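# Inside the fold
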Amino acid sequence: MRLKHVLILAFILLSSVPMLLSLQYLNSFTASQYERQTEEQLSALSLIAKKRIESVLDRVKDNIALITSRTQMRISLDQWNNARDVKARNKVHKIINDAKVGLTKLHSISIYDNKGVLVTATADTPNGHQINIPVDKILPSIKLLKRNDQLLMLGIDRLLLNNKVIGYVKVALFADFIVELVNDRTGLGVTGEWLVAQRHDSGDALFVAPLKYDHDAAFKRRVSKEKIDIPITQALLGNERIMRHAPDYAGNLVIASTRYLSELDWGLVVKIEEDEVSQLMNKTKTVIYVSEVIIIIMAVLMGVGVSFYISNPLEKLASHTNKVAQGQFEQYPRSQTWKEVRDLTEHFNYMISSMKELNENLNAKVAERTKELADLNLQLTELSTRDPLTGLHNRRFLSEKLSEEVSRAKRYSSPLTLVILDVDHFKQVNDTWGHDVGDQALKIISSHLSSVIRESDVLARYGGEEFCILLPATEEEQARKFLDRIRMDIEYLKIGSGEKCFSVTCSFGIAKLDDDDTESSLTKKADLALYQAKSDGRNCIRCYSIDDIGGA
Ligand SMILES: Nc1nc2c(ncn2[C@@H]2O[C@H](COP(=O)(O)OP(=O)(O)OP(=O)(O)O)[C@@H](O)[C@H]2O)c(=O)[nH]1
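Residues numbered from 1 in each chain as written. Predicted model: local features only at pLDDT ≥ 70, side-chain atom pairs only at ≥ 80, totals over all residues. Heavy atoms only, no water.

- Per an unreviewed UniProt entry, the chain goes by diguanylate cyclase and derives from Litoribacillus peritrichatus.
- Its UniProt record, at the heading Catalytic activity (unreviewed entry), says of the chain: "2 GTP = 3',3'-c-di-GMP + 2 diphosphate". (UniProt positions renumbered as here; feature names shortened; annotations may be inferred.)

Below, the structure is given as structure tokens:
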């Protein structure tokens, strides 16, 4: 696996996984938090509404108490009960009218006698109107009703004089606060709604305010007491709770907070449709999911960027190292990347220059050594083919050259002549003048021979006092003339010094290469010719002839 791939993977895992996990946690946390917030908000709103209604209730009670506490009115009512005294009734009427002036939101005050028949009222009320008070009714009783499209809150209480019931008072207040309450949907989103219901005689919940989806519901629409999973039923059962997945009156699933107003026997519900909550949560989820995708994309891009930033210089360096390994000692270009790679590059370049220098030194040394070896080889070759006394080529060299020249001569059909010359009576020289002088004689003769032959000729010391001269491209006759001159020259060569000065002569045997000759036959022929020269008295030249010598 390549470094860049490891880095990309590591970066993605290290950066995105914790972030994704956090977002997932945030997602679920946000959803439950949102639901809880919604529930808490509904609960708080319903509680405030309940308190608000209870404060109105207290006001109604206060108003009733204000009336019932009027002693003069109760005395006058008692007189009316006893004697049907019109004056007394007028007195009652006046007192309640006076009381009405100080009361706000008041619709009417009505006074009934001990039989429940209307005595007087501040508003128009039919004469003889009778109030129906059940025996077991706990008083004061307060209830809501709709009259002439107006919501009224009715409070009824007994009027007592000396612990005896002398009549009843009925106070009616405008209950528009209920409509204000249900119309105020602040904080309830789009689907939020208030429901207010009082208990119908049948026990069902009877809505007392318009509904969002049924504006004509007040005092008409009911919810059966049997439907206990419906929030308003639960409210009337006195259960103050948060309900989830609860169907409302329209059949929608809602989150609801239920409240019960025990004194009024009212149910109060505030609710919001679950779909709305889900939609809001889904919006949050969508934002989180989009964030996750953006984070992953960014993590991938950053991972790729970072891994390239880290691995590219290393990959370039690695490929450059490969070049160096193949012997291309080029300096790595200076890179403006991270410090470690810069340091590595610097050390690498330093290493390359050292290696280059070493290599150059090594090459120079190898070349030097090779040259020395070649020189030594040459010297050795020379030594192995030279005669140490005279410095002339030796017999071995001659035999190689002879082989080459015989081949060449046959190939090109050119003449080739071999000469063997031998110092005459050399034993005598040694015996007379000493071996050293004999050596000197051999050197002088060699030196002279070397000085007169052509560059293409091959001169070699063939034996003790014997020399060979190989004359390529030379006819026998030419050779004879040339050798005759040499023979005479040798005669005049001075050997030794002073009184010990003397000269020597040489005998020459010549053989020319014939078609059927080999190196050895040619040599043999030259040798036979030399023998002939020696036989003929020495200091002379003899050419090999089959007739003259071959037969001998
Ligand atoms: N000083 C010296 N003498 C040598 C050398 N090589 C051979 N000789 C001597 O050369 C002499 C050759 O003698 P012989 O072969 O008898 O022939 P010669 O005396 O030259 O007589 P002919 O060849 O018949 O004229 C011997 O005494 C060898 O010792 C050498 O390198 N130095």
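After that view, the rundown keeps rolling.
## A closer look at the pairing of strand β12 (residues 416–423)
- Of all 8 residues that make up β12, 8 are buried, and the element is covered over most of its length.
- Here β12 shows a buried face lined by L416, L418, I420 and D422 and a second buried face lined by T417, V419, L421 and V423.
- One ladder, built from 7 bridges, connects β12 with strand β14 (residues 466–472); its direction is antiparallel. Across the sheet, residue V419 finds its bridge partner in β14, namely I469. (Buried < 20%, exposed > 50% of the residue type's maximum accessible area, 1.4 Å probe, protein only. Helix = DSSP H or I, 4+ residues; strand = E, 2+ residues; numbered from the N terminus. Pairing = 2+ DSSP bridges.)

## Regarding the site of the ligand
- Among the 16 residues in the neighbourhood of the ligand, the closest are listed as F426, N430, D439, R461 and R538.
- Between an oxygen atom of the ligand and a side-chain N or O atom of K534, the distance comes to 3.0 Å.
- Contact between the ligand and R538: an oxygen atom at 2.7 Å from a side-chain N or O atom of the residue.
- Within the complex, 66% of the 660 Å² of free accessible area of the ligand lies under protein.
- Mapped by element, the contributors of at least two residues to the shell around the ligand are β12, α9 (426–433) and α10 (435–452).
- Residue contributions to the shell around the ligand peak at 4 residues, all from α10.
- When its residues are assigned to classes, the shell around the ligand shows 3 nonpolar, 5 polar and 8 charged. (Near = heavy atom within 4 Å. Polar contact = N/O pair within 3.5 Å; in protein donor to acceptor, adjacent residues only side chain to side chain. Areas by Shrake-Rupley, 256 points an atom, 1.4 Å probe, with all protein chains shown as cover. Nonpolar A, V, L, I, M, F, W, Y, C, P; charged D, E, K, R; others polar.)

## Regarding unusual backbone geometry
- Even without being a glycine, S413 presents a positive backbone phi close to 55°.
- Turning to its location among the elements, S413 is positioned in the loop between α8 (395–412) and β12.
- A relative accessible area of 65% places S413 in the exposed class.

## Re the side chain of T38
- Looking at where T38 falls in the secondary structure, it is placed in helix α1 (residues 3–68).
- Relative accessible area serves as the criterion here: at 8%, T38 is assigned to the buried category.
- Residues within four places of T38 in sequence aside, it is in contact with I272 and V277. (Contact = heavy atoms within 4.5 Å.)

## Some points on the sheet that holds strand β2 (residues 118–121)
- Across the sheet, 5 strands lie side by side as β2-β1-β5-β4-β3; this open sheet has antiparallel pairing. Edge positions in the sheet fall to β2 and β3 (141–147), since each of these pairs with one other strand and no more. Looking at each pair of strands side by side, their axes are set apart by 25° on average, direction ignored.
- Taken together, the 3 bridges between strand β1 (residues 106–113) and β2 define a ladder with antiparallel strand orientation. Bridged to I111 within β2 is T120.
- Across the face of the sheet, α1 comes into contact with β1, β3, β4 (150–161) and β5 (164–174) while running at roughly 40° to β4.
- Its contacts with the sheet put helix α4 (residues 176–183) on β3, β4 and β5, and the angle it makes with β4 is roughly 140°. (Axes fitted to C-alpha atoms, helices over the stretch in contact; angles between N-to-C directions.)

## Brief notes about the sheet that holds strand β7 (residues 205–207)
- One open sheet accounts for 6 strands, arranged β8-β7-β6-β11-β10-β9; its pairing is antiparallel. Two strands in the sheet have a free side with no partner beyond their single neighbour: β8 (222–223) and β9 (242–247).
- Of the strand pairs in this sheet, strand β10 (residues 253–261) and strand β11 (residues 266–273) are connected by 8 bridges, and their pairing is antiparallel. Note on β11: the bridge partner recorded for R259 is L268.
- Here α4 sits on the sheet in contact with β6 (193–199) and β11, set at roughly 145° to β6.
- Of the strands in this sheet, β9, β10 and β11 touch helix α6 (residues 274–325), which is tilted by about 35° from β11.

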